[in-house]
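Chain by chain, the residues run as shown.
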Amino acid sequence: MTTTAPSANSATTGHDADDLSEFGYDQQLHRSLGKFASFAAGFSFVSILTTIFQLFGLGFGFGGPAFFWTWPIVYGGQFLVALCFAEIAARYPISGAIYQWSRRMGGEVVGWFGGWFMIIAQIVTASAAAIALQVVLPTVWSGFQIIGTDPSLTSTSGAANAVLLGSVLLVVVTAINCIGVTWMSRVNSIGVTCELVGVVAVVLALFTHAKRGPGVVFDTGLPGHQPGYIWAFIVSGLMAAYVMVGFGSAGELAEETRNPRRVAPRTIRMALTVSAIGGGLMLLGALMAAPTLDDKLATGGLPYVLDSILGGFWGKVLLCDVAVAIFICTLAIQTACSRLMFSMARDGRLPFSRALSYVNKRTGTPIAPSILIGLLCIAILVVNVGNSAIFATLASVCIILIYLAYLAVTVPMLYRRFQGWPHGGTLVDADGRKLFSLGRFGIVVNLLAVVYGALMVVNLSWPRAEVFDPAGTMPVLRWAGPICIAATVLVGIACFPRGKVHPKPVTVGQ
């Protein structure tokens, strides 16, 4: 038996709006995004040019050159999750993807906590992305060091300047999101194009200045003194785990995407895969081109490698491209979070839902969520002035919440599969073309995705002083993972809405 998705392949926004009405929602957001804009939303959230620049030293410092293999391992696990997301995105093309998907698979409570985890994580992640400007801009031009003279993030002047630069960036991306999705997608698409060009340039520069062969990835020599390589390898995998998240952002913009049932599943998988290929080549090239494989590489990371092979001028050109990547990464995260907040508010699941769910008729965007998220991000940035170690720990811990939000989708989805989901046979569009489905492989893929996600939550949460309290000044920080999870759950229980939800009931396991 086959079921037809209501006009899912239509080229007109009217048909997509009719499709949305099947879920009980009116078309309020402007539906203007195409395939590349949808891909750009996920790719810019991952933003390998930003994250690998920041985190290469973390992975190498724990695992040495062989930490490279954590990259394909994490990609494999995340691709299993992406396959599950792609299948459910074809069936539920609704803004607030994580919330809507977990709600429809696991019910109201699971859905609310999935959305709650994701909102908290995205707000902190946007703050962490914005603060990265301090690592880049003062190196390009000393004039960007407006406060004091020391650009180091851990110094008093560096921390304060980081908050200033990050706040300016957040004001700009908030303004873009308030203007409308069309402008957001234009800026994001241009930025993603620049980032893709930058990734290609970095890879070419690294491989053309290689000092050793690709066999370096089998070197388990450590710059530090970890007790046993397996443990060190597991810890080094945190780098890849921090980077490869956010690929589901295409689903967050489903109500603004033309033909989302077909486009979103494809762009979710493509955003992750392109990021994995580009990032893997950057890691391999950096290991082959690094002047030395010692503490200097662990401390300096990828900027140290590029500075040694490119010199001042071209190095600064590349840093400008990294600044663009940071900009669009922050924009993409805030956009995804605003749509998630809008979707939950539309269902009456957040305080001040009426204001947060209001869509400006001229711009076709929910302005209040964007402004609120911008203000909350700036408030979190201020923590860096008081204690940069706590801010860095918050930025690390929030990734755990993203993986928990993913589990809020994949775990109930697996449970529903054992009950026969998806019901109704193969899903096809109006032209009879099959939409994405895992078919008979669904249970196996879903089960592996759940196992991977659970293991990664344990790995990310494990109390490690070398990760969460490297300076040894605040021992309590090593328990930041479990403490953050417990605090988020307790606050979530206190904030959980007890009122009415959207008038159209959810059919669990549909």
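Heads up: these notes are all about the structure in this document.

So, how was this worked out
Residues numbered from 1 in each chain as written. Predicted model: local features only at pLDDT ≥ 70, side-chain atom pairs only at ≥ 80, totals over all residues. Heavy atoms only, no water. Helix = DSSP H or I, 4+ residues; strand = E, 2+ residues; numbered from the N terminus. Expected span 1.5 Å × (residues − 1). Buried < 20%, exposed > 50% of the residue type's maximum accessible area, 1.4 Å probe, protein only. Arc of directions from axis to C-beta. Contact = heavy atoms within 4.5 Å. Patch = residues over 30% accessible without salt bridge, like charges linked within 9 Å, V, L, I, M, F, W, Y side chains within 5 Å. Areas by Shrake-Rupley, 256 points an atom, 1.4 Å probe, with all protein chains shown as cover. Salt bridge = Lys/Arg side-chain N within 4 Å of Asp/Glu carboxyl O. Phe/Tyr/Trp six-rings, centres within 6.5 Å; stacked < 30°, edge-to-face > 60°. Lys NZ or Arg CZ within 6 Å of the ring centre and 35° of its normal. Polar contact = N/O pair within 3.5 Å; in protein donor to acceptor, adjacent residues only side chain to side chain. Disulfide = S-S within 2.5 Å. Core = buried A, V, L, I, M, F, W, Y, C linked by side-chain atoms within 4.5 Å.

## Overview of helix H16 (residues 367–381)
Taking 1.5 Å of rise per residue, the 15 residues of H16 would be expected to cover 21 Å, and the 21 Å separating its terminal C-alpha atoms lies within 8% of that figure. All of the buried residues along H16 are Pro369, Ser370, Ile373, Gly374, Cys377, Ile380 and Leu381. End-on view of H16: buried residues confined to an arc of 135 degrees, all on one side of the axis. Residues of H16 that are buried in the fold lie against helix H6 (108–131), helix H8 (156–179), helix H14 (295–346), helix H15 (353–356), helix H17 (383–386) and helix H18 (388–418).

## Some details on the environment of tyrosine 92
Checked against the element boundaries, tyrosine 92 lands in the loop between helix H4 (70–91) and helix H5 (97–106). In this structure tyrosine 92 comes out as buried when scored by relative accessible area, which is 1%. Once the C-alpha coordinates of tyrosine 92 and proline 260 are considered, the two residues, 168 residues apart in sequence, prove to be 9.2 Å apart.

## Comments concerning the environment of valine 163
Here valine 163 shows up in helix H8. When the C-alpha positions of valine 163 and leucine 153 are compared, they lie 9.8 Å apart, and in sequence the two are ten residues distant.

## Describing a nonpolar patch on the surface
A surface patch of nonpolar side chains, amounting to about 390 Å² of accessible area, comprises Ile146, Ile147, Leu164, Val168 and Val172. On the basis of relative accessibility, which here comes to 32%, the residue leucine 164 falls in the partly exposed class.

## Some details on the packing of aromatic side chains
A full pass over the atoms with the stated rule returns 22 aromatic pairs. Their ring planes at 55 degrees and their centres at 5.9 Å tell us that phenylalanine 23 and tyrosine 92 sit as a pair that is tilted. With phenylalanine 23 in the loop between helix H1 (13–21) and helix H2 (35–46) and tyrosine 92 in the loop between H4 and H5, the pair connects residues that are 69 residues apart, well separated along the chain. Accessibility assignment for this pair places phenylalanine 23 and tyrosine 92 in one class, buried. On the basis of an interplanar angle of 45 degrees and a centroid distance of 5.9 Å, the ring pair of phenylalanine 36 and phenylalanine 39 is categorised as tilted. Of this pair, phenylalanine 36 and phenylalanine 39 both sit in helix H2, three residues apart, roughly one helical turn. The class of phenylalanine 39 is buried, set by a relative accessible area of 6%. An aromatic cluster is built from Phe85, Trp101, Phe247, Tyr403 and Tyr406, whose rings are joined through pairwise contacts. A cation sits over an aromatic face here: arginine 346 above tyrosine 25, 3.8 Å from the ring centre.

## Structural notes on the side chain of threonine 267
Considering the arrangement of structural elements, one finds threonine 267 in helix H13 (residues 260–289). Within the local environment of threonine 267, its side chain forms a polar contact with the side chain of serine 38, the two groups lying 2.9 Å apart. From its side chain, threonine 267 meets the backbone oxygen of alanine 264 in a polar contact 3.2 Å long. Residues contacting threonine 267, with those up to four places away along its chain left out, are Lys35, Ser38, Phe39 and Ala250.

## As for the state of the cysteines
Covalently bonding the sulfur atom of one cysteine to the sulfur atom of another cysteine gives a disulfide. Inspection of every chain in the model, using the stated rule, returns zero disulfides. Cysteine 377 supplies the cysteine sulfur nearest to cysteine 178, a cysteine that is in no disulfide, at a spacing of 13 Å. Unpaired in this structure, cysteine 377 has its nearest cysteine sulfur neighbour in cysteine 337, at a distance of 7.2 Å.

## Thoughts on the nonpolar core
Counting 154 residues, the largest nonpolar core has Phe56, Trp71 and Trp101 as the members making the most contacts within it. Broken down by element, the residue count for this core peaks at 22 residues, all from H14.

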